[in-house]
Amino acid sequence: MSEIIVGIDLGTTNSEVAMVRGGRVDVIPVGIDTFILPSVVGFTEDGTLLVGEPAKNQHALHPERTVRSIKRRMGEDVRLTVGGHEYTPQEISSMILRQLKGIAERELGESVSKAVITVPAFFSDAQRQATREAGAIAGLDVVRIINEPTAAALAYESGREGAHKVLVYDLGGGTFDVSVVNLEKDVVEVLSSHGNNHLGGDDFDAKIVEHVVAHLREASGVEGELAPAAQARIRRAAEAAKIHLSDAPYATIMEEYLLEHRGEPVHLNLELSRDDYEAMIEPYIAETLEAAHTALEGAGLTVSDLDEVLLVGGATRTPLVARRLEEELGLQPRGEVDPDLCVAMGAAIQAGIIAGMETPTVLVDVTPYTFGTSALGFLEGMEYPYCYVPLIRKNTPIPVSKSEVFYTTHDGQQRVDVTVHQGEDPDALNNIEIGRFSIEGLRDAPRGNPIVTTFSLDLNGILHVSSKEKATGLEYSVTIDNAIARFEEAEMETARQRVEALFAPGDDSAATAAPRQRVEAKALVEKAERLLEGASPDDREDLVDRIEALNDALAGDDDGALGEAMDAMADLIYYLES
Ligand code: AMP
């Protein structure tokens, strides 16, 4: 039996372990319902080691006994004092690795002694060496160190034929890097890498915190530095709001009895819109896009050389990220492999390849179609009432729920018709309508009354669409069973009609091999016959020859010969007409 090799993503904020089993890539749960181990190590008062969530929880109270982000110190010749003892960065990292090794062993029921570990593309030799040492201290033979973008690319692309170039955009909690990689079969080469070691989702949280604190000062007259406990609550609420805004157009930030001011309790209750939030973080996104261009230049490539853009890191779930990348690079970024787990999966795939397994691929449940609604907007520069607004994009993992806000278009509007479509066309009318309903009895309000529409698609392909008047909560909805299969049926019908239209009226022959080609060939013969009249004797002769050849080809069943005869005829007609 071949020895198991696990793949480990040893991250700055979080770490994960994965392996290939029975041809599948499995990320191993580290706790109930979670695959993510916080990269935090600590000691209790009596010296007991804590790794992961419990260590993270004690950090706020006992920073002197807790270490976070040790990855930033890897390769440095330092000793850190934690809980009264000194440790090297390798030793601290090894505690995280040892924890993951134990988790994998418990899952497998056998010992695990080999691993592939990922590191950032920009890691120096000293940092890579330190990572190897951390593995060795944890009792792991590090059979290979691979770059994180390489692992991400493998998770998406392993086994794909042909060479292609991929931009891996990795935005985590506290680090950002973007790499251009070249893939050829299972050989991945990082062509260039660029980033900012101190940029990530935590900065987005900080922007929301700033906004909340400014609101508290203005609305409740709160002054001076806030108590640490209140700050911690605001930070947590800010992150939750940020995550909510990835799927919804508004988030409510609510914390009761947050603090006391002049003897009175202060409650926090603030609504943040996605538009306002996006304006706050736009400068950060702009910085990452600039880095993407720098990475492309570093690889000696231009935007048009790219085949794919892959999203890695939890913060890439922010919709603005994919939207701005698509605007900038002209490719719809792919994020269907869980952005938190994709590096660990890639490491496991590399481990599988080293162990001589058949190259496994990652399977995810995604929607094969885009679902959306229609609204007044601009299409090709003109105001148009049926612009398509996709809510759930093709290749989004399911189950999924996404909301958008729409506005009434005239004063006193009491009703809005909501249509549900599947398809990709910017004109909703060119997509397939799979449902509709109306929301009626809206309050008497000037135009611009916000209506929040939510699309939820479950694993069984059941699509639930609801629309709610934001101010009153008035709600209407429709449920579309088997939305995915319905589209296939509708598509089949459209395809059938397309094929049917190619047959001449009254021609019921289903045996004709290439109907469109034959219809066009017959049209060419008719056209050539019309040209016979008025042609010079030499041209007539050529025409007659080619009409005969084309009729012969039509009588036979060799599609290639028919194509050649059509080309020859088209050339002659072109010559005669010009
Ligand atoms: P990572 O370091 O890759 O685990 O990414 C962690 C970062 O992703 C943190 O800042 C999280 O708050 C952020 N994050 C996780 N889920 C979401 C989400 N749905 N939308 C926006 N940010 C998210």
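Remember, predicted model here, so these are calculated numbers, not experimental data. (Residues numbered from 1 in each chain as written. Predicted model: local features only at pLDDT ≥ 70, side-chain atom pairs only at ≥ 80, totals over all residues. Heavy atoms only, no water.)

*Asks:* Mind showing me how you'd approach the sheet that holds strand E23 (residues 450-457) here?
*Replies:* Paired through backbone hydrogen bonds, the strands of a sheet run either parallel or antiparallel to each other. If you walk across this open sheet you meet the four strands as E20-E23-E24-E25, and the pairing is antiparallel. Two strands close off the open sheet at either side, each with one partner strand: strand E20 (400-407) and strand E25 (475-480). For this sheet, the mean angle separating the axes of adjacent strands, direction not counted, is 15°. Both strand E24 (residues 463-469) and E25 contribute to a ladder of six bridges, which runs antiparallel. Following the sheet pairing, Val465 is matched in E25 by Val478. (Pairing = 2+ DSSP bridges. Helix = DSSP H or I, 4+ residues; strand = E, 2+ residues; numbered from the N terminus. Axes fitted to C-alpha atoms, helices over the stretch in contact; angles between N-to-C directions.)

*Asks:* Help me understand the packing of helix H4 (residues 148-157) against helix H9 (residues 342-354), please; the structure alone is not making it clear to me.
*Replies:* Working note: a packed helix pair is described by the angle between its axes plus the distance between those axes. As a packed pair, H4 and H9 sit with axes 7 Å apart at the nearest point and diverge in direction by 80°. As judged from the angle between their axes, H4 and H9 are roughly perpendicular. Here Glu148, Ala151, Ala152, Leu154, Ala155 and Tyr156 of H4 lie close against H9, whose contacting residues are Cys342, Val343, Met345, Gly346, Ala347, Ile349 and Gln350. Residues that form the contact of H4 with H9 fall into these classes: 10 nonpolar, two polar and one charged. (Parallel < 35°, antiparallel > 145°, perpendicular 65-115°, else oblique. Contact = heavy atoms within 4.5 Å. Nonpolar A, V, L, I, M, F, W, Y, C, P; charged D, E, K, R; others polar.)

*Asks:* What exactly am I supposed to notice about the site of the ligand here?
*Replies:* Around the ligand, the surrounding shell holds 16 residues, and the nearest of these are Asn14, Glu239, Lys242, Ser246 and Gly314. Backbone polar atom of Gly173 to an oxygen atom of the ligand: 3.0 Å apart, as the coordinates give it. Between the ligand and Glu239, the relevant distance is 2.5 Å, taken from an oxygen atom to a side-chain nitrogen or oxygen of the residue. Protein burial of the ligand: of its 510 Å² of free accessible surface, 85% is covered by the chains. Every element with two or more residues in the shell around the ligand is listed here: helix H5 (201-220) and helix H6 (228-245). Considered class by class, the residues forming the shell around the ligand number two nonpolar, nine polar and five charged. (Near = heavy atom within 4 Å. Polar contact = N/O pair within 3.5 Å; in protein donor to acceptor, adjacent residues only side chain to side chain. Areas by Shrake-Rupley, 256 points an atom, 1.4 Å probe, with all protein chains shown as cover.)

*Asks:* When you look at the sheet that holds strand E6 (residues 49-51) in this model, what are you seeing that I'm missing?
*Replies:* Across the sheet, three strands lie side by side as E6-E5-E7; this open sheet has antiparallel pairing. Each having just a single partner strand, E6 and strand E7 (66-68) make up the two edges of the open sheet. Across the sheet, the axes of successive neighbouring strands diverge by a mean angle of 15°, strand direction being ignored. Both strand E5 (residues 40-43) and E6 contribute to a ladder of three bridges, which runs antiparallel. If you follow Gly42 over to E6, its bridge partner there is Leu50.

*Asks:* So what exactly am I meant to see when it comes to the confidence of the model for the protein chain here?
*Replies:* Keep in mind that low pLDDT regions are not for reading the predicted coordinates in detail. Per-residue confidence for the protein chain gives a mean pLDDT of 90; residues scoring 70 or more make up 94%. For the stretch residues 507-513, pLDDT sits under 50, and the model shows five contacts to residues farther than four places along the chain or on other chains. (pLDDT = per-residue confidence, 0-100.)

*Asks:* Quick question: what am I supposed to make of the pairing of strand E17 (residues 308-312) here?
*Replies:* Residues in a regular strand project their side chains so that they alternate between the two faces of the sheet. Among the five residues in E17, five count as buried, and that is most of the element. The side-chain alternation of E17 yields two buried faces, one formed by Glu308, Leu310 and Val312 and the other by Val309 and Leu311. With five bridges joining them, strand E12 (residues 163-171) and E17 adopt parallel strand pairing. The residue bridging Val166 from the neighbouring strand is Glu308, located in E17. (Buried < 20%, exposed > 50% of the residue type's maximum accessible area, 1.4 Å probe, protein only.)

*Asks:* What am I meant to see in the pattern of salt bridges here?
*Replies:* Where charged atoms from two side chains of opposite charge approach closely, those side chains can pair. One pass over the structure, following the stated rule, counts 28 salt bridges. The salt bridge partner of Glu148 is Lys71, with a shortest N-O separation of 2.7 Å. Separated by 77 residues along the polypeptide, Glu148 in helix H4 and Lys71 in the loop between E7 and strand E8 (80-82) bring together distant segments of the chain. Across the pair Glu223 and Arg262 runs a salt bridge, and its minimum N-O distance is 3.8 Å. Of the two residues, Glu223 is situated in the loop between H5 and H6 and Arg262 in the loop between strand E15 (250-261) and strand E16 (264-273); the sequence distance between them amounts to 39 residues. One network of salt bridges, in which partners are shared, links Arg21, Arg24, Asp26 and Glu107. (Salt bridge = Lys/Arg side-chain N within 4 Å of Asp/Glu carboxyl O.)

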